[in-house]
Amino acid sequence: MQQPFIVFGSPQIEPAEIDEVVASLHSGWLGTGPKVARFENEFATYKGVAHTAAVNSCTAALHLSLLAADLHPGDEVITTPLTFCATVNAILHAGATPVLADVDPATMNIDPARVEAKITARTRALLPVHFAGRPCEMEALMAVAERHGLKVIEDCAHAIETEYHGRKAGTFGDFGCFSFYVTKNVVTGEGGMVVARREEDIARIKVLALHGMSKDAWRRFSDAGFKHYQVVELGFKYNMMDLQTAIGIHQLARVESNWVKRQAVWRRYHAAFEALPIRLPADPVPDTRHAYHLYSILIDEAKTGIGRDAFLDAMTARNIGVGVHYLSIPEHPFYQRTFGWRPEDYPNALRIGRQTVSLPISAKLSDDEVGRVIEAVLNILGTAER
Ligand SMILES: Cc1ncc(COP(=O)(O)O)c(C=O)c1O
């Protein structure tokens, strides 16, 4: 009999989240209310920061951070070609121009030397992505930013638990942006958070996230009586809901125990695949903390006898969900058309994007399911023609 399908990135939802959502429904407070404020405070405590703003996605968090960074048309923002399209799209929606700097082939993170080479008179900001939860070389990147007077917006969509030299990801730059999308390490369905160094940036982001309405507009329906609001600038509808944070509060309470579970899965994969002719993710280096968000292997057909896409199909045929993180940004027709970007100009991201396969690493996986993933990988690569 066929085994059940292992959904890639399936979230671990416990009775605590379900009960809290039901309680929110009974309370009548579904939208932005006291649970959002509580989630912001608890996230701030977890990250050891003072200023947070919950929004409805990391895309929104990036967009608002870039707006708060006060970019102007023609300003350039340097980012990585190995990321989700949201990173680059947020730069465009903020009215700035994205510039790509290739990744380091081993760490898969943006290469600080290549960043330096892309600086021009128009460069205003850096947008590094802590890929898979591995911290970027923040000392080198912050040194480049300081030398050239650049804002830094960290894309921490994979990196809630990530640390670099004792400091938490998202606290190096002016802004840190987090995702609580269903496959992420902390889940709210859709959801995001901005962490900012300056209180006035978070105040502006909160206004921008709710139509540009004056501070604390969400309180206008509270039991303290109706409060008038004023639209003080043109904003967006990016606010998070109590219903979402009802899930997030309990997810955040388990962030560390789930990290331990994913670390154990990572280590099992590492031990099982050591002898295979594939590239495994680079080990975390000392004095850093990897968030173990993705476990991505590289399938080089010349070595394995099977192409990446055939490998994806073979895993799916065994009822195991897999992911691709990511086809490099310049492979997509929109960016080619708009910027004339060519994939071969970013060879490391190009090769990774064409060879990469992410295996399931959710905290929800049972030992047996991890065993099934291992068996499938060994089976597919063991029987592949060389
Ligand atoms: C690196 C990266 N940045 C940004 C995002 C956007 O996150 P969200 O879906 O919360 O908007 C994602 C989501 O997958 C991501 O992986």
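Refer to the preceding data block for the structure.
The structure displayed is predicted, hence computed values, not measured ones.

Scoring rules and cut-offs
Residues numbered from 1 in each chain as written. Predicted model: local features only at pLDDT ≥ 70, side-chain atom pairs only at ≥ 80, totals over all residues. Heavy atoms only, no water. Helix = DSSP H or I, 4+ residues; strand = E, 2+ residues; numbered from the N terminus. Buried < 20%, exposed > 50% of the residue type's maximum accessible area, 1.4 Å probe, protein only. Contact = heavy atoms within 4.5 Å. Areas by Shrake-Rupley, 256 points an atom, 1.4 Å probe, with all protein chains shown as cover. Lys, Arg positive; Asp, Glu negative; His and termini not counted. Charge placed at Lys NZ, Arg CZ, Asp CG, Glu CD. Patch = residues over 30% accessible without salt bridge, like charges linked within 9 Å, V, L, I, M, F, W, Y side chains within 5 Å. Salt bridge = Lys/Arg side-chain N within 4 Å of Asp/Glu carboxyl O. Near = heavy atom within 4 Å. Polar contact = N/O pair within 3.5 Å; in protein donor to acceptor, adjacent residues only side chain to side chain. Nonpolar A, V, L, I, M, F, W, Y, C, P; charged D, E, K, R; others polar. Axes fitted to C-alpha atoms, helices over the stretch in contact; angles between N-to-C directions. Parallel < 35°, antiparallel > 145°, perpendicular 65-115°, else oblique. Left-handed = near helix turned anticlockwise from the far one by under 90°. Expected span 1.5 Å × (residues − 1). Pairing = 2+ DSSP bridges. Right-handed = clockwise from strand over helix to strand, strands pointing away.

Draft legend 1. Region of interest: the overall build of the chain. Helices and strands together make up the secondary structure of the chain, namely 14 helices and 12 strands. Projected onto its principal axes, the C-alpha positions of the chain cover 70 × 55 × 40 Å. Classification of the 386 residues of the chain by burial places 56% in the buried group. Intrachain contacts of the chain at a sequence separation of at least 6 include 72% that bridge at least 24 residues. When the accessible surface of the chain is summed, it comes to about 16,500 Å², and 55% of that surface belongs to carbon and sulfur atoms. Between the mean site of the 39 positive side-chain charges and the mean site of the 45 negative ones, the chain shows a separation of 2 Å.

Draft legend 2. Fine view of a nonpolar patch on the surface. Together, Ile13, Ile18 and Val22 make up a nonpolar patch on the protein surface, roughly 240 Å² of accessible area in all. By secondary structure assignment, the location of Ile18 is in helix H1 (residues 15-27). Classification of Ile18 as partly exposed rests on a relative accessible area of 47%.

Draft legend 3. Structural context of helix H7 (residues 199-208). Regarding H7, the residues found buried are Asp201, Ile202, Ile205, Val207 and Leu208. In this structure, the buried side of H7 is in contact with strand E1 (52-55), helix H3 (58-68), strand E8 (175-179) and strand E9 (192-196).

Draft legend 4. Here's a closer look at the site of the ligand. Looking at the ligand, there are 16 residues lining it, with Thr59, Asp155, Ser179, Lys184 and Tyr326 nearest. Contact distances for the ligand include 2.8 Å between an oxygen atom and a side-chain N or O atom of Ser179. Contact between the ligand and Tyr326: an oxygen atom at 2.7 Å from a side-chain N or O atom of the residue. For the ligand, whose unbound accessible area comes to 390 Å², protein coverage reaches 93%. For the shell around the ligand, the elements supplying multiple residues, two or more each, are H3 and helix H4 (85-93). Looking at the shell around the ligand residue by residue, the class counts come to seven nonpolar, seven polar and two charged.

Draft legend 5. Representation of the packing of H3 against H7. Relative to each other, H3 and H7 sit at 125 degrees, their axes nearing to 10 Å. With respect to H7, the axis of H3 lies oblique. Considering only the axes of H3 and H7, their crossing is right-handed. For the pair formed by H3 and H7, the contact residues are Leu64, Ser65, Leu67 and Ala68 on the first element and Asp201, Arg204, Ile205 and Leu208 on the second.

Draft legend 6. Fine view of the pattern of salt bridges. Under the criterion given, the structure shown has 19 salt bridges. Close ionic contact of Asp174 with Arg197 constitutes a salt bridge, the shortest N to O distance being 3.9 Å. Taken together, the residues span a long stretch of sequence, with Asp174 in the loop between strand E7 (167-168) and E8 and Arg197 in the loop between E9 and H7 at a distance of 23 residues. Its salt-bridge partner being Glu200, residue Arg198 comes within 3.5 Å of it at the nearest N-O pair. Several salt bridges share partner residues, and in doing so they unite Arg198, Glu200 and Asp201 into one network.

Draft legend 7. Layout of helix H8 (residues 242-253). Between the first and last C-alpha of H8 there are 16 Å, a value that for 12 residues agrees with the 16 Å anticipated at 1.5 Å per step. H8 sits mainly inside the fold: 11 of its 12 residues count as buried. When we look at burial in H8, the residues that qualify are Asp242, Leu243, Gln244, Thr245, Ala246, Ile247, Gly248, Ile249, His250, Gln251 and Leu252. Taken together, the buried residues of H8 touch H1, helix H2 (34-47) and helix H9 (255-273).

Draft legend 8. Structural detail: the pairing of strand E3 (residues 97-100). Bridge analysis of strand E2 (residues 76-79) against E3 gives four bridges, and the strand direction is parallel. Pairing of Val77 across the sheet is with Pro98, part of E3. Handedness of the crossover joining E2 and E3 through H4: right-handed.

Draft legend 9. Region of the structure containing the sheet that holds strand E6 (residues 163-164). Pairing is antiparallel in the open sheet, where three strands are placed in the order E7-E6-E10. Strands at the two margins of the open sheet, each flanked by one partner only, are E7 and strand E10 (288-289). Where E6 meets E10, two bridges bridge the pair, whose relative direction is antiparallel. In the strand pairing of E10, Tyr164 is matched with Thr288.

Draft legend 10. Local environment of the sheet that holds E9. If you trace the seven strands from one edge of the open sheet to the other, you get E1-E9-E8-E5-E4-E2-E3, paired in mixed fashion. Bordering the open sheet on either side are E1 and E3, each of which pairs with just one other strand. Neighbour to neighbour, the strand axes of the sheet diverge by 25 degrees on average, direction disregarded. Against the sheet, H2 contacts E1, E8 and E9, and its axis sits at roughly 130 degrees relative to E1. H3 rests against E1, E2, strand E4 (123-127), strand E5 (151-155), E8 and E9 of the sheet, and its axis sits at about 165 degrees to E8.

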